[in-house]
Amino acid sequence: MTTWLQTEVERLADKEQCRALAVFDALDEWFQRPDFDSRSFVNTLLGIPGIDAIKRTTLRDFGVVRATLEGYADEAGAVNPREISHQLEILIMGAIVSAGRGDGGAAMRARSRAELLLERAR
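Residues numbered from 1 in each chain as written. Predicted model: local features only at pLDDT ≥ 70, side-chain atom pairs only at ≥ 80, totals over all residues. Heavy atoms only, no water.

Chemist: I'd like a description of the environment of Ile-90, backed by residues and values.
Modeler: Within the secondary structure layout, Ile-90 lies in helix α5 (residues 81–100). When the C-alpha positions of Ile-90 and Ala-110 are compared, they lie 9.5 Å apart, and in sequence the two are 20 residues distant. (Helix = DSSP H or I, 4+ residues; strand = E, 2+ residues; numbered from the N terminus.)

In structure tokens, the structure reads:
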């Protein structure tokens, strides 16, 4: 997920300061794909029995995503980019779960919350 996300963010963001929000644009494109399916993501995070190795890999990947988000928050001028990265991660997870239950606008709603979060974090 990390490589895909970074590639998409760089494609979508016209300035470094916009990368934190471009994450949600990338998610929106993913959610609109006909093959989008959030079940594997949700199942791994919830700890479905027998997939502990997959869960560890997913959690490690999310650690890398969080570090990337911290960098994006720093580029956006956040005073405490580490804290903001955790909050952005929560928005991302919520958007993925919401999109999985049929909310095609989840990424853009999460993006609007991220905009407010970043504005207040400067």
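So much for the structure itself; the text now carries on.
Chemist: So, the pattern of salt bridges: which residues are in play, and what are the values?
Modeler: This model, assessed by the stated rule, comprises nine salt bridges. Residue Arg-19 is joined to Glu-75 by a salt bridge in which the shortest nitrogen-to-oxygen separation is 3.3 Å. Within this pair, whereas Arg-19 is found in helix α2 (residues 19–32), its partner Glu-75 is found in helix α4 (residues 52–75), the two being separated by 56 residues in sequence. We note a salt bridge from Asp-37 to Arg-39, for which the minimum N-O separation is 2.6 Å. (Salt bridge = Lys/Arg side-chain N within 4 Å of Asp/Glu carboxyl O.)

Chemist: Before we move on, could you go through the packing of helix α1 (residues 2–12) against α2 and cite the residues and values that matter?
Modeler: Close contact between α1 and α2 brings their axes to 8 Å; oriented N to C, the two are set at 110 degrees. Accordingly, the angle class assigned to the pair α1 and α2 is roughly perpendicular. Contact residues: Trp-4, Leu-5, Glu-8, Val-9, Glu-10, Arg-11 and Leu-12 in α1; Arg-19, Ala-22, Val-23, Asp-25, Ala-26, Leu-27, Glu-29 and Trp-30 in α2. For the contact of α1 with α2, a count of residues per class yields nine nonpolar, no polar and six charged. (Axes fitted to C-alpha atoms, helices over the stretch in contact; angles between N-to-C directions. Parallel < 35°, antiparallel > 145°, perpendicular 65-115°, else oblique. Contact = heavy atoms within 4.5 Å. Nonpolar A, V, L, I, M, F, W, Y, C, P; charged D, E, K, R; others polar.)

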